[in-house]
Amino acid sequence: MNIVLYAGEAKGVSSLLPICREAERSNINFWALFSNETELQFPHKDKDKFNIISNVPPQDSYWSHGLGCYLPFKPDYFLIQRAQWEPESSLVREFKSSFNCKVGLVEQNAQCITNIETVLETFNKNKFTPFIDFFFDHSEWVAETRRFNNFNGNIIITGNPKYDLNLQVQEEELDSLRSKYKISPDRKNVLITSIITHTRPAFFSKIEEFINDHPDYNFFIKPYPGEPFVAQFKNQYRPKFFIPGVTPILEELDIWGMFHLCDLHIGCGGSISYSSILLGKEYIDLSVSLGIPQAHFNFDPYLNSTGIGVEDKAALWVGSMPLNHISDIKEMIPPAYVKEACKRNQIYQEAFAAYTAHPTPATRSSLLIFFDSFNDHEAAKRILSSLIRDELSEK
């Protein structure tokens, strides 16, 4: 079996590198082109920002126009972690047509709830399912949520490989981060996980209140992926973060150690909170006080196109979907569907609230199962096993 993997940013590498390590242990041929930069890179334009990782000798055997380099073998499988954007969408088409190989997408985020944005995103994502043979997903709950959102891809539940290795941080690396971020053992260290929806201003207002109430704490923020580089938000990060006393973690690779070093984590209960729960951290969920659960199907920000977040822009959805006007989204999401979605969301929200109120082993286990059906650091092994079974079935 020959596998090619591609990721143009550190976030994607964190999902795919564990598969490389497992392939090496299992003597499965692999070749990977990775960029460890936090900001998205492109193989033709940013060639010097990429590295090749492989367990086979280099050979100029098969040329990939999209990657701009030779592959040492004809790939049987092409693994990526995003498909709806360039350059991956073109790479998928190339690998399908030129190499007749199968494509697997390793899902990055756990879709635990349903809201307007997830329904609209799923509609767009379904445009790409004919090109993707396997969607490697995290849990039964997440897979059920995607299907409830009318996702029609071929889901294989494997767990999330991102957590196979990345939270296993060596003490030397932690010492380096303590020095880099000036972390004092005498002060409580707080990790904030950012949001980029229209609730953002209210979220940061709550954060500022908390900072004012705890002047003796150290505060750090993990940006949403890509947030510090987009025009809408980048000025809030440069030259300094717009909230005094908060230090941004701008290097994606630093976040894994910072999950360990920060005592208290604050966010809105999204998929990024899985790390906090795995580590048994104290967690403050601001989603309830911000009214986020009640606003999952509030159409007003979309209809008014407030542009405060990344999702409440009419042109974004009208331009990518068969809509004559943004008001047509109400017909896509009828009241009966909303009612059932809210029932499903409540199951997850109650489990999250139980953990944050009483973080016991029992409430922790009950919540973790939503994010990952296994929680055993062996997702990469399951992904490769599924590819081996597929290969055998073709013979």
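Heads up: the structure comes first, above all this text.
Residues numbered from 1 in each chain as written. Predicted model: local features only at pLDDT ≥ 70, side-chain atom pairs only at ≥ 80, totals over all residues. Heavy atoms only, no water.

*Asks:* Teacher, can you tell me more about empty space enclosed by the protein here?
*Replies:* A probe as big as a water molecule, rolled over the atoms, marks out the empty space that is left. Scanning the entire structure with this criterion turns up three cavities of 30 Å³ or more. In this model, the largest cavity occupies a volume close to 120 Å³. Around the largest cavity, the lining comprises 15 residues; the ones closest to its centre are Thr38, Pro223, Tyr224, Pro225 and Glu252. Class assignment of the residues belonging to the lining of the largest cavity gives a composition of eight nonpolar, two polar and five charged. What lines the second largest cavity is simply Thr158, Gly159, Asn160, Tyr163, Asp164, Tyr274, Asp372, Asn375, Asp376, His377, Ala379 and Arg382. Residue assignment for the lining of the second largest cavity shows that the elements contributing at least two residues are α5 (162-165) and α15 (379-394). Broken down by class, the residue content of the lining of the second largest cavity amounts to three nonpolar, five polar and four charged. (1 Å grid on protein atoms, 1.4 Å probe; cavity = no way out; pocket = protein on both sides within 12 Å on 5 of 7 lines; lining within 4 Å. Points joined across faces, edges and corners; volume = space filled by probe spheres on them. Nonpolar A, V, L, I, M, F, W, Y, C, P; charged D, E, K, R; others polar. Helix = DSSP H or I, 4+ residues; strand = E, 2+ residues; numbered from the N terminus.)

*Asks:* When you look at the layout of surface pockets in this model, what are you seeing that I'm missing?
*Replies:* The space that makes up the second largest pocket amounts to roughly 260 Å³. As for the second largest pocket, its lining consists of 14 residues, of which Leu17, Leu165, Asn166, Leu253 and Trp256 are closest to the centre. Per-element tally for the lining of the second largest pocket: the top contributor is helix α1 (residues 10-25), with six residues. Of the residues that constitute the lining of the second largest pocket, the class distribution is eight nonpolar, four polar and two charged.

*Asks:* Mind showing me how you'd approach unusual backbone geometry here?
*Replies:* For residues besides glycine, phi is generally negative; the peptide bonds are generally trans as well. Following Glu86, the chain continues into Pro87 via a peptide bond in cis, with omega recorded as 5°. Note that Pro87 resides in the loop between β6 (77-80) and α2 (88-99).

*Asks:* Help me understand the sheet that holds β6 in this model?
*Replies:* Strands in a sheet are paired, the pairing made by backbone hydrogen bonds, and the direction either parallel or antiparallel. With mixed pairing, seven strands are arranged side by side in an open sheet as β3-β2-β1-β6-β7-β8-β9. Where the open sheet ends on each side, the last strands, each with one partner, are β3 (51-54) and β9 (155-157). Taken pair by pair, the neighbouring strands of this sheet meet at an average axis angle of 20°, ignoring direction. Note: strand β8 (residues 134-137) against β9, three bridges, orientation parallel. Residue pairing across strands places Phe136 opposite Ile156, the latter belonging to β9. Helix-sheet contacts for α2 involve β1 (2-7), β6 and β7 (102-106), and the interaxial angle to β6 is about 170°. (Pairing = 2+ DSSP bridges. Axes fitted to C-alpha atoms, helices over the stretch in contact; angles between N-to-C directions. Contact = heavy atoms within 4.5 Å.)

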